[in-house]
Amino acid sequence: MDTMTKKKGADALPLNRILAGDCIEVMNSLPEGSVDLIFADPPYNLQLKGDLHRPDNSKVDAVDDAWDRFASFETYDRFTEAWLKAARRLLKPNGAIWVIGSYHNIFRVGAALQNEGFWILNDVVWRKSNPMPNFRGKRFTNAHETMIWASRDEGAKYTFNYEALKSLNEGIQMRSDWVLPICTGHERLKDDKGDKAHPTQKPEGLLHRVLVGSTNPGDVVLDPFFGTGTTGAVAKMLGRDFIGIERDAGYRAVAEKRLENIRKYDREALQVSTSKRAEPRVPFGQLIERGMLRPGEELTSMNKRYKVKIRADGTLVGNDVKGSIHQVGAHLEGAPSCNGWTYWCFKREGKTIPIDVLRQQIRAEMGDRPN
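Along every chain, residues carry numbers that run from 1 in the direction the sequence is written. Local features in a predicted model are, by the rule used here, given only for residues with pLDDT of at least 70; side-chain atom pairs are given and counted only at 80 or more, and totals for whole chains, interfaces and linings are based on all residues. As a rule here, side-chain values cover all heavy atoms of the structure and leave hydrogens and water aside.

Only the stretch in contact is used when a helix axis is fitted, and all axes are lines through C-alpha atoms; the angle between N-to-C directions ranges over 0 to 180 degrees. Going along the chain from the N terminus, every DSSP run of H or I of four or more residues is numbered as a helix, and every run of E of two or more is numbered as a strand. Where helix α5 (residues 204–214) contacts helix α6 (residues 230–237), the two axes come as close as 9 Å, and the packing angle between them is 55 degrees. The angle between the axes of α5 and α6 places the two elements in the oblique class. Seen along the crossing, α5 lies across α6 with a hand that is right-handed. Residue-level inspection shows E204, L207, H208 and L211 of α5 in contact with α6, the latter providing T230, T231, A233, V234, A235 and M237. When residues are grouped by polarity, Ala, Val, Leu, Ile, Met, Phe, Trp, Tyr, Cys and Pro land in nonpolar, Asp, Glu, Lys and Arg in charged, and all others, Gly among them, in polar. Among the residues making up the contact of α5 with α6, the classes are represented as six nonpolar, three polar and one charged. Here the angle decides the label: under 35 degrees means roughly parallel, over 145 means roughly antiparallel, 65 to 115 means roughly perpendicular, and every other value means oblique. Definitions for this section: a left-handed crossing has its near helix turned counterclockwise from the far helix by less than a right angle. A right-handed crossing has that turn clockwise. Contacts are assigned to residue pairs that have any heavy atoms within 4.5 Å of one another.

When the charged atoms of two side chains with opposite charge come close together, those side chains can pair. A side-chain nitrogen of Lys or Arg and a carboxyl oxygen of Asp or Glu constitute a salt bridge if their distance falls within 4 Å. The tally for this structure, following the rule as stated, stands at eleven salt bridges. When the shortest N-O distance is used, the salt bridge between D36 and K92 registers 3.1 Å. One end of the pair, D36, is in strand β4 (residues 35–40); the other, K92, is in strand β5 (residues 91–101), and 56 residues separate them in sequence. For every residue, the accessible area (1.4 Å probe, protein chains only) is compared with the maximum for its type, and the residue is labelled buried under 20%, exposed over 50%, or partly exposed between those bounds. For D36, a relative accessible area of 17% translates into the label buried. Connected through salt bridges with shared partners, the residues R88, R152 and D153 form a single ionic network.

For the rest of this paragraph, the subject is the pairing of strand β11 (residues 298–301). A strand pair is defined by DSSP finding two or more bridges across the two strands. With three bridges connecting them, β11 and strand β12 (residues 307–310) associate as antiparallel partners. By the bridge assignment for β12, E298 is matched with K309. Between β11 and the antiparallel strand that follows it, β12, lie five residues; K304 among them carries a positive phi value of about 65 degrees. Sheet topology note: the β11/strand β15 (residues 344–348) ladder contains two bridges and is antiparallel. Its bridge partner being in β15, T300 is matched across the sheet by C345.

In this section: the sheet that holds β11. Strands sit in the order β14-β13-β12-β11-β15-β16 across an open sheet of six strands; the sheet is antiparallel. Each having just a single partner strand, β14 (321–323) and β16 (351–354) make up the two edges of the open sheet. Across the sheet, the axes of successive neighbouring strands diverge by a mean angle of 35 degrees, strand direction being ignored. Each of β12, β13 (316–318), β14 and β15 is contacted by helix α10 (residues 325–333), which is oriented at about 150 degrees to β14, the strand it contacts most.

Moving on, we get to α6. Among the eight residues that make up α6, seven are buried, leaving the element largely enclosed by the rest of the structure. Among the residues of α6, T230, T231, G232, A233, V234, A235 and M237 are the ones counted as buried. Tucked inside the fold, the buried residues of α6 contact β4, α5, β9 (220–223), β10 (241–246), α7 (249–260) and α8 (267–270). Immediately downstream of α6, the backbone of G239 shows phi near 75 degrees, a positive value.

Okay, the side chain of E297 next. As for its placement among the helices and strands, E297 is situated in the loop between α9 (284–289) and β11. The residues contacting E297, other than those within four sequence positions of it, are V308, K309, I310, F346, K347 and R348.

This part is about the packing of aromatic side chains. Working definition: rings of Phe, Tyr and Trp (its six-membered ring) pair if their centres are within 6.5 Å, and the pair is stacked with planes under 30 degrees apart, edge-to-face with planes over 60 apart, and tilted otherwise. Tallying each qualifying case throughout the model produces eleven aromatic pairs. Ring centres 4.8 Å apart and planes at 85 degrees place the aromatic pair Y343 and W344 in the edge-to-face group. Judged by relative accessible area, Y343 falls into the buried class, the value being 10%. Taking the relative accessible area as the measure of exposure, W344 reaches 0% and is therefore buried. Among the aromatic residues, those joined into a ring-pair cluster are W98, W149, Y158, F160, Y162 and W178. Over the face of the ring belonging to F118 we find R88, whose NZ or CZ atom lies 5.9 Å from the ring centre. Criterion for a charge above a ring: Lys NZ or Arg CZ within 6 Å of the ring centre, and within 35 degrees of the ring normal.

Before going further, it helps to spend a moment on unusual backbone geometry. For E170, which is not a glycine, the phi torsion comes out positive at approximately 55 degrees. Examined against the element boundaries, E170 turns out to sit in the loop between α4 (162–168) and β8 (177–180). On the basis of relative accessible area, E170 is assigned to the exposed category, the value being 76%.

Here it is in structure tokens:
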């Protein structure tokens, strides 16, 4: 993991590496406008005043690390403003950020995001299917965390793979409440003593959904609070480049070991469902230019009611009408519009085939071209 790439007129961008140090200082040292997505899991500022015990008086392994302690809300707010300012500087114009938090901090972070100029797109509730109980029995069980998804600027053309998320959800539009388990079992990383390597390790399933939904293969994903490397692990599997920032040497060591054992999925497996609008545009005339269809060849409507001939310029003629595949289909059907790609068919070896098959063939070839 020692990849470097050059951005024109800027220093080398340290891809697929974990950078040691303070996240604000490190982010400010990186090239401006060089990152596609930031996933941030900042300190929650839990304000724990003492040990937490179960009813049997056993101690709960809670978050009591020094990195989660701040002298006051004002101190935490200054820290939040500083790292968000550094993060926004790093994002490309169409970049976006995800920030996850609990009720202790997410509302303060949300206000800071807006103050720094980010444009909030959604808040997503991660509902934990196996939350830790409320051992004191004086409040509700904390069964969710909140993620804020925001673009760098209002009106930015951020990435949103709507169809891919819909496919993940069995063909149903993905909602803003995600039911996923917390990190347990084989996924929970342990230190040399057999204890949790990190108290707030996020499940890979959560990052999988975030990265599939809001990045594309080859994008650069930065995590300024890298911890034990869940963002980097999922990014590597999904063919995204990552940059991790982590000041704790122990967490860096665990993350490095973890990432060494991660393998990228093959190219075909990285492809996801896309909307028709997102697919490359193929003019009907290109089918004529490439000899897939010939001038003078006959096309038949899907309902077999109409026949037309192809002209050399990619228009159709028939029944005293001429025009594009869409215009002629709409005119013949007396409809306001028509998708000519699915309306017209050609014949090969006695079989009737939609012309859209030829368009998809060209699109597949486009997808095979190197970037």
